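Each chain, written out:
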Amino acid sequence: MSELATRPGLRMPRILKRFDPAVATAFACIILLLILGSFYSTSFLSPEYLLQQLKVASFLGVIATGMMLVILLGQIDLSVPWAVATGGMMACAAAAFGPAGTAFAIPFGILCGMLIGFVNGIGVAYLRIPSMIITLATNAVAQGLMVVYTGGFSPQDSATFAMREIATGEIIPLVPNAVIIWAIIGAATVFLLTRTTFGRAVYAIGNRERAAYLSGIDTRRVVLIAFVISGGLSAFGGILLSGYASKAAQSMGDAYLLPSIAAVVLGGTSILGGRGSYLGTVAGVILITLLQSILSVMQMPEAGRQVIYGVVIVAMLLLYGRSPASR
Amino acid sequence: MKEWRYLVAENRGTLLAVAIFVAIFIIYTANHPAGLTANVAQTAANKGVLLAFVAMAQTLVVITAGIDLSVGMIFILTNCLASWLVLGTPGETALGVVAVLLCGLLCGALNGAIVIFGRLQPIVATIATGAIYFGIALMLRPFPGGSVNEDLADALTGKLFGIIPSSLVVLALVVLVVWVPFSRSLYGRTAYAAGSSEAAAYMSGIPIGRSKFLAYTLAGLLASIGGLFLTFFTYTGEAAFASGNAYTLFSIAAVVLGGVSLFGGRGSVIGAIFGALAFRTIGDLLFVFDFDPLWQPLFQGVVLLVAVSLGAFGLFRVRNRLEWFL
């Protein structure tokens, strides 16, 4: 995959060389989906609809950002579902504690998510437990804690004004706040990945952790920080979601694990780590949101949606996500 | 004497799993109000066997250094299918069972084809196929319902000679029919070799592709046996997303508890079965100690977290820090 992308690129103009074919394919698929949708209904190309889609996409976008950092390291974060739910539920819970609780609701929710990420990071980086297992385990623990906290019922607390505002409000007319927040987080991530030693270290570890360690990078600290960021962003995604729905729900995160991984991978980030750009993740997030939206506009039942969803992911991965044959 | 020691060293994970299970089961029965009666054993066996089948499925794939995150969904899909087909006269019921097993085999083969011939990463590929299987399950059973041949169901979930849980007998039979021939065949040994070092296995000229494909396919078959049993216990089919996810998660937990290395090439189905039984008993421990059932998910999660962290003790033996990075 990377050989294909870089080797012929030696003769190509610089701008083309930097353009990953996977990202190009993802953007082409977005345009194709929009064209297909516009055949079905002309409102698909209206700015209102597109902005609405961007708003929905920004929830997934925030969560997928954390997932991308972890996947770039060659790890995976399967604790997303309950990190999302914990973020939303804890922020709403804090809101029940008077004005001080209301003021600190959002940071408190993010902090809880970072705590989950911290346990993940300690397990992966310092105890050398495979990330797939430790994140599944922390997911189970987070679920257990939330079940005990809510007593098995749907939580009663509702979102604060600030939470509702960042998810649904519009500071700049017509542009939803959630989109602005995603743009800020995205810009920060691009800066982090391309302009800081931390970002370089993330790519280095994803390629070969042993080599990165021998070049003097404190690989364990980098992995730990990446997992903490991922947990925090998942929780923040949960806070946005509960602001959108004005309350948190038990299984609000379940619908975000597969899409967040799929968005990152469809955007050309290698699941083995070390390769991928944030632009690709943005493309993957928009692609998946549009696909979901078009399927629901066509009134496809949930069952059909799941099947099409799985088929599309496998098909797109077969197009450009294949690993080289063993030799 | 020496050979005996090698045998113990080779099966250390499996033996540890058996020991853990025995210890927990003793605590469980000692505190159970009824003690160890045939009925208590039957209930425990029936609960444990479901997870044991799914964990066996997961083991086959994990041995090849892969992972199958769709086992829970194959389990749910075959449950829904069985609630339509395993009905009627003995002949029809038998056909239905065969059809359900074939469905599982087909799901596994699809996973295998995508992972091996499509050369996709098993994590992503099986999450995606899992979505497909769950979608089909939801088409089959938009609402919980259906029924099953109750004579067969009662026979397979009851007691043999009034004392032995028949689900355990079926479990043992499946081990004998599926696992023993597989692990002793060229394909089984190739699966271990490929999991241990794919490059070395490739150089030795053994059929890696075919044996991995077989492992994924058999995993689908084993998950479908689990799905059949779920139908026998509940008499209905239900496309429950949370339950499918939970079984996938628990299967990985059981495999880890059972001493199967997630890096591939080490462990056995026997270990995973005892891991599954132990994991189920741990979950039920709370009931005999009269805890609120609300605490069960947290307790299971903490046990899982502690169990996986125990593996970190191997780090103390590491002399060279470069060995941290496999």
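Nothing here was measured: the structure is a model prediction, and the numbers come from that model. (Residues numbered from 1 in each chain as written. Chains lettered and ligands numbered in written order. Predicted model: local features only at pLDDT ≥ 70, side-chain atom pairs only at ≥ 80, totals over all residues.)

Give me the lowdown on the overall build of chain B, citing residues and values where you can.
When helices and strands are counted, chain B shows 14 helices and two strands. Taken over C-alpha atoms, the radius of gyration comes to 20 Å for chain B, in line with the 20 Å a tight globule of 326 residues would show. Its C-alpha atoms give chain B principal-axis dimensions of about 60 × 45 × 40 Å. The buried share of chain B, taken over its 326 residues, is 52%. (Helix = DSSP H or I, 4+ residues; strand = E, 2+ residues; numbered from the N terminus. Rg over C-alpha atoms; globule rule 2.2 N^0.38 Å. Buried ≥ 20, exposed ≤ 12 C-beta atoms within 10 Å, placed from the backbone.)

Tell me about the overall build of chain A, residues and numbers included.
What chain A contains, in helices and strands, is 16 helices and zero strands. For 327 residues, the compact-globule estimate of 2.2 N^0.38 gives 20 Å, and chain A sits close to it at 20 Å. Viewed in the frame of its principal axes, chain A has a C-alpha envelope of about 65 × 55 × 40 Å. Per-residue burial for chain A yields a buried fraction of 51% across its 327 residues. Sequence separation of at least 24 residues holds for 77% of the intrachain contacts in chain A that already meet a minimum separation of 6. (Contact = placed C-beta atoms within 7 Å.)

I'd love a proper account of the packing of helix α8 (residues 131-150) of chain A against helix α12 (residues 241-257) of chain B, names of residues and values included.
Packing of α8 of chain A against α12 of chain B leaves a shortest axis separation of 11 Å and a crossing angle of 120°. With respect to α12 of chain B, the element α8 of chain A is oriented oblique. Considering how the two elements wind past one another, α8 of chain A and α12 of chain B form a crossing that is left-handed. Between α8 of chain A and α12 of chain B, the residues in contact are Ile 133, Leu 136 and Ala 140 of chain A and Leu 249, Ile 252 and Val 256 of chain B, respectively. Tallied by class, the residues present in the contact of α8 of chain A with α12 of chain B amount to six nonpolar, no polar and no charged. (Axes fitted to C-alpha atoms, helices over the stretch in contact; angles between N-to-C directions. Parallel < 35°, antiparallel > 145°, perpendicular 65-115°, else oblique. Left-handed = near helix turned anticlockwise from the far one by under 90°. Nonpolar A, V, L, I, M, F, W, Y, C, P; charged D, E, K, R; others polar.)

Describe in detail the environment of Ala 96 of chain A, supporting the description with residues and values.
Residue and element names in this part refer to chain A. Structurally, Ala 96 is set in the loop between α5 (80-95) and α6 (98-103). Owing to 14 C-beta atoms within 10 Å, Ala 96 belongs among the partly exposed residues under this scheme. Remark: the alpha-carbon pair of Ala 96 and Ser 158, spanning 62 residues in sequence, is separated by 8.2 Å. Leaving out residues up to four positions away in the same chain, Ala 96 has contacts with Gly 101 and Asp 157.

Summarise the confidence of the model for chain B; cite the residues concerned and give the values.
Residue and element names in this part refer to chain B. In the predicted model, chain B carries a mean pLDDT of 86, and the fraction of residues at 70 or more is 97%. When pLDDT is averaged over each element of chain B, helix α11 (residues 208-234) comes out on top at 93 and strand β1 (residues 159-160) at the bottom at 76. Here the predicted complex carries an ipTM of 0.82, next to a pTM of 0.86. (pLDDT = per-residue confidence, 0-100.)

Hey, could you go over the packing of helix α4 (residues 71-85) of chain B against helix α5 (residues 90-117) of chain B for me, with residue numbers and the actual values?
Residue and element names in this part refer to chain B. Packing of α4 against α5 leaves a shortest axis separation of 9 Å and a crossing angle of 155°. As far as their axial angle goes, α5 and α4 are roughly antiparallel. Here α4 runs over α5; the crossing is right-handed. Here Ile 74, Leu 77, Thr 78, Leu 81, Ala 82 and Leu 85 of α4 lie close against α5, whose contacting residues are Gly 96, Ala 99, Val 100, Cys 103, Gly 104 and Cys 107.

Residue-level account of the interface of chain A and chain B, with values.
Between chain A and chain B, the contact holds 47 residues from the first and 45 residues from the second. Breaking the side of chain A that touches chain B down by element, the ones donating at least two residues are α8, α12 (209-214), α14 (257-266) and α16 (302-320) of chain A. Counting residues per element, the side of chain A that touches chain B draws most heavily on α8 of chain A, which supplies 13 residues.

An account of α14 of chain A is requested, with residue identities and associated values reported.
In terms of burial, α14 of chain A is a largely internal element, 10 of the 10 residues being buried. Taken as a whole, α14 of chain A has its buried residues at Leu 257, Leu 258, Pro 259, Ser 260, Ile 261, Ala 262, Ala 263, Val 264, Val 265 and Leu 266 of chain A. The secondary structure elements touched by the buried residues of α14 of chain A are α3 (21-40), α4 (47-72), α5, α15 (278-297) and α16 of chain A together with α6 (122-140) of chain B. Within two residues after α14 of chain A, Gly 268 of chain A carries a phi angle of roughly 90°, on the positive side.

I'd like a description of the nonpolar core, backed by residues and values.
With 214 residues, the main nonpolar core has Phe 53 and Ile 273 of chain B as its most contacted residues. Beyond its immediate sequence surroundings of up to four residues, Phe 53 of chain B is in contact with Leu 222, Ala 223, Ile 225, Gly 226 and Phe 229 of chain B. (Core = buried A, V, L, I, M, F, W, Y, C linked by C-beta atoms within 7 Å.)

An account of the environment of Ser 293 of chain A is requested, with residue identities and associated values reported.
All names here are of chain A. Summarising the element assignment, Ser 293 is placed in helix α15. When the 18 C-beta atoms within 10 Å are taken as the criterion, Ser 293 is described as partly exposed. With 237 residues separating them along the chain, Ser 293 and Val 56 place their C-alpha atoms 9.4 Å apart.

Outline unusual backbone geometry, supporting the account with residue identities and numerical values.
Residues and elements named next belong to chain A. Backbone geometry at Arg 128 places phi at a positive 55°, although glycine is not the residue there. Positive phi is not limited to glycine here, since Gln 299 has a value of about 60°. Position of Gln 299 among the secondary structure elements: in the loop between α15 and α16.

Before we move on, can you summarise the confidence of the model for chain A with the specific residues and values?
Of all residues in chain A, 91% attain a pLDDT of 70 or more, and the chain-wide mean is 85. Low pLDDT, under 50, characterises residues 1-10 of chain A; the predicted model gives this stretch five contacts beyond four residues in sequence or across chains.

Can you tell me about the environment of Tyr 49 of chain A, naming the residues and giving the values?
Residues and elements named next belong to chain A. By secondary structure assignment, the location of Tyr 49 is in helix α4. By the C-beta count within 10 Å, which is 17 here, Tyr 49 ends up partly exposed. Apart from the residues within four sequence positions on either side, Tyr 49 is in contact with Ser 43 and Phe 44.

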